[in-house]
Amino acid sequence: MSRLDELIKELCPNGVEYKELGEIAKVTIGEFVHKDKQSENAEYPVFNGGISNTGYYNDYNEEKDKIIMSARGANAGYINRVFVNYWAGNSCYTINTNDEIMNWNFLYYVLKNKEKNILNEQQTGSIPSISKKQVEGILVPVPPLEVQEEIVRILDNFTALTAELTAELTARKKQYSWYRDYLLTFENKVEKSKLSEVATIKARIGWQGLTKEEYLITGNYYLITGTDFQNGEINLKNCYYVNEERYIQDKNIQLKNDDVLVTKDGTLGKVAYVSNLDKPATLNSGIFVIRSIDTNKLLNRYLFHYLKAPYLMKYAQNKLTGGTIKHLNQNVIVDFEIPLPPLEVQKRIVEVLDNFEKICNDLNIGLPAEIEARQKQYEFYRNFLLTFNNEEIYALSKQASKQASKQASKQASKPKI
């Protein structure tokens, strides 16, 4: 039997009491502080209606170790906890617990477990919001403090492990970027060629897009868009399709495995490598398909890594067209220079960078999969540990009590005969 089982058996064998949040905590709204008065060099973070701090201020109005909730905006109802002194803005609720009956970290986990439901209860309008009354009415379990502390200990261990894995992934990605830049920086030691001299560059001719009716949900011909790019690959599960007639019309941009794709509209410079096609595929507008003319001189996979590095967008930065929405034109990309080391060197660079990418991005064996698994495990245990089986009973009894009070009021208001 675990320590938690022992505590529950000893201290609350018949379940736990539920109370409305307003009964065991004080909910307050913060104060407005103008953006102009905030500074990145100030000491105290400012929290408002988002999921992270909006800046820093040289004063604070709330002390550390508090639970906060976004009061207004798209993220109204989002729960966070703050471990430093901070400034609560006028779209930020602060929840101060009664330490004699409630561990503040335990309450944080309880509210985080209810976050999806709270977000779904936003009051609609020009700006979504969660009212103070709604927050104060949230039902929370109140087990004995020893039980709360043991649950916090278990869940803190899960969050610490996830944070450790996330830090490791961040470090790996920095390491990958360093090695990529190191391996792809040749100075003047190798031959360089313009991209148009060593590769074909094609896109949908003109600006004509597909009509709404031409986007098919199922079919035999993939239609690749920029939103299908995922970690340098194509997520075929999310693709739309086109019919055979449209695919045949797109002879200029029909795809092959080993092609390199670069977005030229929308989010510019996203790069993907085509390697998993199991059906014929074509492109939507807004994407270049780039293909080596001679793979004995330029490997497509090497080209993919070079275009994925920041060099292309740095080169094109001052050559983009358009107003608010920028475009990467073909007459710019054709002159972009590619270093061409010997083929064996290209193969070695590809091998090293592919290994780093696999560690960082492979959802089957890499760190992201481990982080995702730990997050799911944490959420499972959080839900399991914070479900005491009598919330519904409490809610029903509360409802019955209110109905009884209304009935009693009606009876009292009747004139006596």
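A brief look at the structure comes next. (Residues numbered from 1 in each chain as written. Predicted model: local features only at pLDDT ≥ 70, side-chain atom pairs only at ≥ 80, totals over all residues. Heavy atoms only, no water.)

Here's the deal with the side chain of Thr 97
Our working definition: Only DSSP runs of H or I reaching four residues or more are called helices, and only runs of E reaching two or more are called strands; each is numbered from the N terminus. In protein, a polar contact requires one atom able to donate a hydrogen and another able to accept it; more generally it is a pair of N or O atoms within 3.5 Å, and residues adjacent in sequence count only if both atoms are side-chain atoms. Two residues qualify as a contact provided that any one of their heavy atoms is within 4.5 Å of a heavy atom in the partner residue.
Secondary-structure assignment places Thr 97 in strand E8 (residues 92-97). Among the polar contacts listed, one links the side chain of Thr 97 to the side chain of Asp 99, at a separation of 3.2 Å. Not counting residues up to four positions away in its chain, the partners in contact with Thr 97 are Ile 24, Ala 25, Met 102, Trp 104 and Leu 107.

Focus: a nonpolar patch on the surface
Short version of the rule: Exposure above 30% relative accessible area and the absence of a salt bridge qualify a residue for a patch, where like charges join within 9 Å and nonpolar side chains (Val, Leu, Ile, Met, Phe, Trp, Tyr) within 5 Å. To measure how exposed things are, a 1.4 Å probe is used in the Shrake-Rupley method; for residues, cover is taken only from the protein chains shown. A side-chain nitrogen of Lys or Arg and a carboxyl oxygen of Asp or Glu constitute a salt bridge if their distance falls within 4 Å. Only protein chains enter the accessibility calculation, which uses a 1.4 Å probe; a residue is then buried when its area is under 20% of its type maximum, exposed when over 50%, and partly exposed in between.
A surface patch of nonpolar side chains, about 370 Å² in accessible area, is lined by Trp 178, Tyr 179 and Tyr 182. A residue is classified by how much of its surface remains accessible, and Tyr 179, at 31% relative accessible area, is partly exposed.

As for the layout of surface pockets
The gaps left among the atoms become clear once a water-sized probe is rolled over them. In plain terms, the rule: For cavity detection a 1 Å grid was placed over the protein atoms alone, and a set of points counts as a cavity when a 1.4 Å probe fits there but cannot get out; an open set counts as a pocket when protein lies on both sides within 12 Å along at least five of seven lines, with lining residues being those that have an atom within 4 Å of a point. Grid points are joined across faces, edges and corners, and a volume is the space filled by probe spheres set on the points. Side-chain classes are defined by residue name, with Ala, Val, Leu, Ile, Met, Phe, Trp, Tyr, Cys and Pro counting as nonpolar, Asp, Glu, Lys and Arg as charged, and the others, Gly among them, as polar.
The computed volume of the second largest pocket comes to approximately 370 Å³. In terms of lining residues, the second largest pocket is bounded by 13 residues, among which Lys 112, Gln 375, Tyr 378, Glu 379 and Arg 382 are the most central. Elements represented by at least two residues in the lining of the second largest pocket include exactly helix H3 (104-113), helix H4 (115-120), helix H6 (145-183) and helix H13 (367-385). The residue makeup of the lining of the second largest pocket, split by class, is two nonpolar, five polar and six charged.

As for empty space enclosed by the protein
Applying the stated criterion across every chain, the model contains one cavity of 30 Å³ or more. Space inside the largest cavity adds up to approximately 50 Å³. Considering the residues around the largest cavity, the lining is formed by Phe 47, Asn 48, Gly 50, Ile 51, Ser 52, Ile 68, Met 69, Ser 70, Tyr 78 and Asn 80. Take the lining of the largest cavity: its biggest share by element is three residues, from strand E5 (residues 66-70). For the lining of the largest cavity, a count of residues per class yields five nonpolar, five polar and no charged.

A look at the environment of Lys 256
Positionally, Lys 256 belongs in the loop between helix H8 (244-249) and strand E16 (260-263). Separated by 111 residues in sequence, Lys 256 and Leu 367 have C-alpha atoms that sit 30 Å apart. The residues contacting Lys 256, other than those within four sequence positions of it, are Val 274, Leu 277 and Arg 291.

Comments concerning the pattern of salt bridges
Throughout the structure, instances matching the rule amount to 20 salt bridges. Here Arg 204 and Asp 250 are joined by a salt bridge, their closest N and O atoms 3.0 Å apart. One end of the pair, Arg 204, is in the loop between strand E11 (199-202) and strand E12 (221-224); the other, Asp 250, is in the loop between H8 and E16, and 46 residues separate them in sequence. Comparing Arg 204 with Asp 250, the two get one shared label, buried. In this structure, Lys 264 engages Asp 265 in a salt bridge whose closest nitrogen and oxygen atoms are separated by 3.7 Å. You can call Asp 265 buried: its relative accessible area is 17%. One network of salt bridges, in which partners are shared, links Arg 301, Lys 308, Asp 354 and Glu 357.

Some words on the environment of Ala 167
On the secondary structure map, Ala 167 appears in helix H6. The exposure class of Ala 167 is partly exposed, given its relative accessible area of 48%. It is 36 Å that separates the C-alpha atoms of Ala 167 and Lys 189, two residues lying 22 residues apart in sequence.

Concerning helix H12 (residues 343-361)
Side chains three or four residues apart in an α-helix point the same way, a direct result of the helix having 3.6 residues per turn. The cut-off we apply is this: A helix is expected to span 1.5 Å multiplied by its residue count minus one.
A rise of 1.5 Å per residue sets the reference length of H12, with its 19 residues, at 27 Å; its end C-alpha atoms lie 26 Å apart and thus fit the reference within 8%. Residues of H12 that are buried: Gln 346, Ile 349, Val 350, Val 352, Leu 353, Phe 356, Glu 357, Cys 360 and Asn 361. Of the surrounding secondary structure, the elements contacted by the buried residues of H12 are H6, helix H9 (300-308) and H13.

So, the nonpolar core
Filter applied, for reference: Here, nonpolar core means buried Ala, Val, Leu, Ile, Met, Phe, Trp, Tyr and Cys residues that are tied together by side-chain atoms lying within 4.5 Å of each other.
The biggest cluster of nonpolar side chains holds 42 residues, and the ones touching the most others in it are Ile 290, Tyr 302, Leu 307 and Ile 338. In terms of residue count, H12 provides more of this core than any other element does, six residues in total. Beyond its immediate chain neighbours, meaning those up to four positions away, Ile 290 contacts Leu 195, Ala 199, Thr 200, Ile 201, Asp 259, Val 260, Val 262, Asn 300, Leu 303, Leu 307 and Ile 333. The next biggest cluster of nonpolar side chains, apart from the first, holds 40 residues, and it includes Leu 7, Val 16, Ile 95 and Phe 158.

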